[in-house]
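Residue-level structural notes
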Amino acid sequence: MPSTEPRDTPKQWLKAIAIWAFLGFWIYFFSFSLYASGCHKFSRPADERLHKCENSLRFTGFLFTDHQRATNLINQGIAQADLGEDAKAIALFTKAIPLLTGASSSNRRPLKLQIEILDRKMRDPAILPRARNLFQTAVSEWVKSRS
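For the rest of this paragraph, the subject is the overall build of the protein chain. If you tally the helices and strands in the protein chain, you get 6 helices and 0 strands. Secondary structure elements in the protein chain, listed N-terminal to C-terminal, are α-α-α-α-α-α. Scored against the burial criterion, the 147 residues of the protein chain give a buried share of 33%. Taking contacts inside the protein chain between residues at least 6 apart in sequence as the whole, the part at least 24 apart equals 54%. Summed over its atoms, the accessible surface of the protein chain is roughly 9500 Å², and 62% of this surface lies on carbon and sulfur atoms.

In structure tokens form, the structure reads like this:
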């Protein structure tokens, strides 16, 4: 015997809207997180990595912590160094340093510790020595400006 309950109740509509909203948000953030993973793959061409890093920051950057934003900026700087854009690379590295040290917040972290962590990351054989040298230049300039 067929049900006597109306087919489209407000409760069913609310459930459907909630499910579709959840799926929309989940698909958006999941697809951009997969897309943004290309930002960290140094085996890809530099212009492709730079494009992915910029888009990642543009579309999901509002969710990033300071450390994640700094990592993104450093990866952009490495890509710029690979493309031969030294001034842009140094500017990006310089923007990342205060985020790493917490200089812009109350969570200050020692610069030396953060630089040691980054030096380990920069030893990746896929990163060109040029990017390492530009990063060291940016750190030196930032330390001088803070003194």
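On the surface, a nonpolar cluster with roughly 900 Å² of combined accessible area is contributed by Ile19, Trp20, Phe22, Leu23, Trp26, Ile27, Phe30 and Leu34. For tryptophan 26, the position within the fold is in helix 1 (residues 10–36). In this structure tryptophan 26 comes out as partly exposed when scored by relative accessible area, which is 45%.

This paragraph deals with the pattern of salt bridges. Pairs may arise between side chains of opposite charge once their charged atoms sit close together. In total, this model carries 4 salt bridges according to the counting rule given. Here lysine 52 and glutamate 48 are joined by a salt bridge, their closest N and O atoms 3.8 Å apart. Separated by 4 residues within a single helix, lysine 52 and glutamate 48 lie in helix 2 (residues 46–60), roughly one turn from each other. Overall, the relative accessible area of 13% leaves lysine 52 in the buried class. Assessed through its relative accessible area of 30%, glutamate 48 is described here as partly exposed. Notably, a salt bridge pairs aspartate 82 with arginine 49, separated by 2.5 Å at the nearest N-O pair. Placement of aspartate 82 in helix 3 (residues 66–82) and of arginine 49 in helix 2 is noted, with a sequence separation of 33 residues between them. A relative accessible area of 24% means that aspartate 82 is categorised as partly exposed. Its relative accessible area of 2% is what places arginine 49 among the buried residues. Salt bridges linked by common partners bring Arg44, Glu48 and Lys52 together as one network.

All right, on to the packing of helix 3 against helix 6 (residues 129–146) then. Their axes nearest at 9 Å, the elements helix 3 and helix 6 cross at an angle of 125 degrees. With respect to helix 6, the element helix 3 is oriented oblique. Once helix 3 is placed against helix 6, the crossing between them reads as right-handed. Across the interface between the two elements, Ile74, Ile78 and Ala81 from helix 3 touch Arg130, Ala131, Leu134 and Phe135 from helix 6.

It is worth spelling out the packing of aromatic side chains at this point. On inspection of all chains with the given rule, the structure shows 7 aromatic pairs. For the ring pair phenylalanine 93 and phenylalanine 135, a centre distance of 5.3 Å and an interplane angle of 90 degrees mean the geometry is edge-to-face. Here phenylalanine 93, found in helix 4 (residues 86–101), pairs with phenylalanine 135, found in helix 6; they are 42 residues apart in sequence, far enough to count as distant. One exposure class covers both phenylalanine 93 and phenylalanine 135, and it is buried. Chaining the aromatic ring pairs together yields one cluster made of Tyr28, Phe29, Phe32, Tyr35, Phe59 and Phe62.

Before going further, it helps to examine the side chain of asparagine 75. Summarising the element assignment, asparagine 75 is placed in helix 3. Given the relative accessible area of 0%, asparagine 75 is considered buried. Excluding residues within four positions of it along the chain, asparagine 75 makes contact with Cys39, His40, Phe42, Cys53 and Lys121.

About the thresholds
Residues numbered from 1 in each chain as written. Predicted model: local features only at pLDDT ≥ 70, side-chain atom pairs only at ≥ 80, totals over all residues. Heavy atoms only, no water. Helix = DSSP H or I, 4+ residues; strand = E, 2+ residues; numbered from the N terminus. Buried < 20%, exposed > 50% of the residue type's maximum accessible area, 1.4 Å probe, protein only. Contact = heavy atoms within 4.5 Å. Areas by Shrake-Rupley, 256 points an atom, 1.4 Å probe, with all protein chains shown as cover. Patch = residues over 30% accessible without salt bridge, like charges linked within 9 Å, V, L, I, M, F, W, Y side chains within 5 Å. Salt bridge = Lys/Arg side-chain N within 4 Å of Asp/Glu carboxyl O. Axes fitted to C-alpha atoms, helices over the stretch in contact; angles between N-to-C directions. Parallel < 35°, antiparallel > 145°, perpendicular 65-115°, else oblique. Left-handed = near helix turned anticlockwise from the far one by under 90°. Phe/Tyr/Trp six-rings, centres within 6.5 Å; stacked < 30°, edge-to-face > 60°.

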